[in-house]
Amino acid sequence: MRVIGLMSGTSLDGVDAAWLETDGEQVGAFGPALTVPYEPALRAAIREILDRAPQLAADDPQLLAVTRRLTEVHADAVRALDAPYDLIGFHGQTILHDPNHRRTWQIGDAAWLAQALGAPVAYDFRSADVAAGGEGAPLVPLFHAGLAEALPKPLAILNIGGVSNVTYLGADGLIAACDTGPGNALLDDWVRQHTGQAFDADGALAASGKIDESLLTRWLSHSYFERELPKSLDRLSFHALLDDIRGMSAGHGAATLAAFTARAVAATRLPEVPQQWLITGGGRHNPAIMAALRQALGVPVNPVESVGWNGDFLEAQCFAYLAMRVKRGLPLSLPMTTGVPQPMQGGRIQL
Ligand SMILES: Nc1ncnc2c1ncn2[C@@H]1O[C@H](COP(=O)(O)OP(=O)(O)OP(=O)(O)O)[C@@H](O)[C@H]1O
Ligand SMILES: CC(=O)N[C@H]1[C@@H]2OC[C@@H](O2)[C@@H](O)[C@@H]1O[C@H](C)C(=O)O
C-alpha cells in the first residue's frame, strides 16, 4: 500500500511527512518527503504544553487549541506532498513520557485528520506497549531491522533527535534498543537561551568552546547509564543538568553538551560491539557531535546516507511502515526493544 508517515519529534521544529510503499514488512519504494515547520507561536505553545503536561487536564483550552493547530499543520504536510495514498500513519506530538507510571501522551486529533483528508489514519502507537508494561519507545527498531536486512551485523543505528535512541541488530537476528540519553534538545535549549538561535548550526558554538571533562564524568554517573536496555526517556529527563552549567560561557556549555550526547551513546551497553554505527536524525548534521562519537566509539561511524537511506525522514517513513503493521495486526515492539513480555501489537485506526 501507499502510506504517508507523519512525525513531530521532540525537537518541536515541525512535522516531517514521508511517502512509502510498504506491506509493513518490506519497503517497496521510497517516495517524496518534506518538512512543514511550526510557526514560532505554535512552537512556543507546544513548549508550554509540554512543560505543563504532568498537571494538564484533557479538556484544557490551551491544550485543545494547540492540538487543533498542530493537526492542521499535519494535514497541510500531507497535502503538500501531493502524492496518492491509501493510509496515514500519524504519530502526533509527545508531550509526556513516563512509562514507569504507565503513561505516555501524544497529542493530535486523528478523527479530525481522517475527516479532513478523507483517508484512514493509524495513530496511538505507544499506549498499548506502555499498558503492557513496556517502555513505549523506541518504536523505530522493527523498521530499522526491515531496512537493514542485507547489511553486515552486528550493526548499531543511532538516531540523534531531541532525545537519542539506538537500535542494535545482532548477527544472530537479535533486535534490541533503547534511548541512549540526550540528543539535541538540551543543546538546543542552551543555544536558544544564549544566542536566540534554534540550534547550534554546524556545531560552530560547540567548536568555539572547551569540554568540561570533570562535569561530563559526573553527568555520566547518572543512574540511567547503569540501567540495562530496554529503557526510554522523556524530553525533559536530563534538563536539570542545565543548572550545572548556568555560569559557563555559551561555547563551553555547547561543547560540553555536544560531548555529553556522544559519551552517553558510548556509555550504553550493547550485547556486542557493533561493526559499524549508522547515524540518522538532525544531530548527524552537527560536526561536534559526530567528531565526539567517532572518538568515543572506536569503530566506523557513518551517516545513514552511506547505505542509501535519508536521515532527515527515517522517522516519518517509520510511522508509515508502522501504520501498515497496525493495519495488518503485526507487532510494533519486541521484548528487547521496549521490554514488553511478548511481541506487542499496538496502534488504532480511525476510518
Ligand atoms: N546543520 C545543523 N547543525 C547542527 N545541528 C543541526 C543541524 N541541522 C539540524 N540540527 C539539529 O537537529 C535537530 C532536529 O533533529 P530531528 O529533526 O532529528 O529532530 P526530531 O525529529 O524532533 O527528533 P526525535 O523525534 O528523534 O526526537 C535540531 O533541533 C538541531 O539540534
Ligand atoms: C516517547 C517518544 O515520543 N519518544 C521518541 C523521542 O524521540 C527520539 C526518542 O525519544 C525515541 O524514543 C522516540 O521516537 C522514535 C521515533 C521512536 O519511537 O523510535
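Quick note: structure is the one above.
What counts, and at which threshold
- Residues numbered from 1 in each chain as written.
- Chains lettered and ligands numbered in written order.
- Predicted model: local features only at pLDDT ≥ 70, side-chain atom pairs only at ≥ 80, totals over all residues.
- Helix = DSSP H or I, 4+ residues; strand = E, 2+ residues; numbered from the N terminus.
- Rg over C-alpha atoms; globule rule 2.2 N^0.38 Å.
- Buried ≥ 20, exposed ≤ 12 C-beta atoms within 10 Å, placed from the backbone.
- Near = placed C-beta within 6 Å.
- Nonpolar A, V, L, I, M, F, W, Y, C, P; charged D, E, K, R; others polar.
- Domains from an automatic or database assignment.
- Core = buried A, V, L, I, M, F, W, Y, C linked by C-beta atoms within 7 Å.
- Contact = placed C-beta atoms within 7 Å.
- Pairing = 2+ DSSP bridges.
- Axes fitted to C-alpha atoms, helices over the stretch in contact; angles between N-to-C directions.

1. So, the overall build of the protein
Then comes step 1: Along the protein, the regular secondary structure elements total 12 helices and 12 strands.
Then comes step 2: For the protein, the C-alpha radius of gyration of 19 Å lies close to 20 Å, the compact-globule estimate for 351 residues.
Then comes step 3: Along the longest, intermediate and shortest principal axes, the C-alpha atoms of the protein span 55 × 50 × 35 Å.
Then comes step 4: Across the 351 residues in the protein, those meeting the buried criterion constitute 48%.

2. Regarding the site of ligand 1
Then comes step 1: Close to ligand 1 lie 22 residues; Gly 9, Ser 11, Gly 161, Asn 184 and Gly 282 are nearest.
Then comes step 2: Residue composition of the shell around ligand 1, by class: 3 nonpolar, 14 polar and 5 charged.
Then comes step 3: Both domain 1 (2-137 + 315-350) and domain 2 (141-307) contribute no fewer than three residues apiece to the shell around ligand 1.

3. Topic: the site of ligand 2
Then comes step 1: Contacts to ligand 2 come from 16 residues, most closely from Thr 94, Ala 137, Pro 138, Val 140 and Val 163.
Then comes step 2: Residue assignment for the shell around ligand 2 shows that the elements contributing at least two residues are β4 (87-98) and β8 (163-169).

4. Quick notes on the nonpolar core
Then comes step 1: Of all hydrophobic cores here, the largest spans 85 residues; its most connected members are Leu 6, Ile 88, Ala 258, Leu 322 and Ala 323.
Then comes step 2: Three or more residues apiece are contributed to this core by two domains, here domain 1 (2-137 + 315-350) and domain 2 (141-307).
Then comes step 3: Excluding anything up to four places from it in sequence, Ile 88 contacts Ile 4, Leu 6, Val 78, Leu 113, Leu 117, Ala 119, Val 121, Ala 122 and Ala 323.
Then comes step 4: Ile 46, Ala 53, Val 66 and Ile 107 belong to the second largest nonpolar core, which has 9 residues in total.

5. Regarding the sheet that holds strand β7 (residues 155-160)
Consider a sheet: its strands pair through backbone hydrogen bonds, and that pairing is either parallel or antiparallel.
Then comes step 1: Read across the open sheet, the 5 strands follow the order β9-β8-β7-β10-β11; overall the sheet is mixed. In this open sheet, the two strands that pair with only one neighbour each are β9 (175-182) and β11 (301-303). Strand-to-strand twist of the sheet, defined as the mean angle between neighbouring strand axes without regard to direction, takes the value 25 degrees.
Then comes step 2: Relative to β8, β7 is paired through 6 bridges, and the arrangement is antiparallel. Bridging across to β8, Asn 159 finds its partner in Asn 165.
Then comes step 3: Contacting β7, β10 (276-280) and β11, helix α10 (residues 287-297) runs over the sheet at an angle of about 150 degrees to β11.

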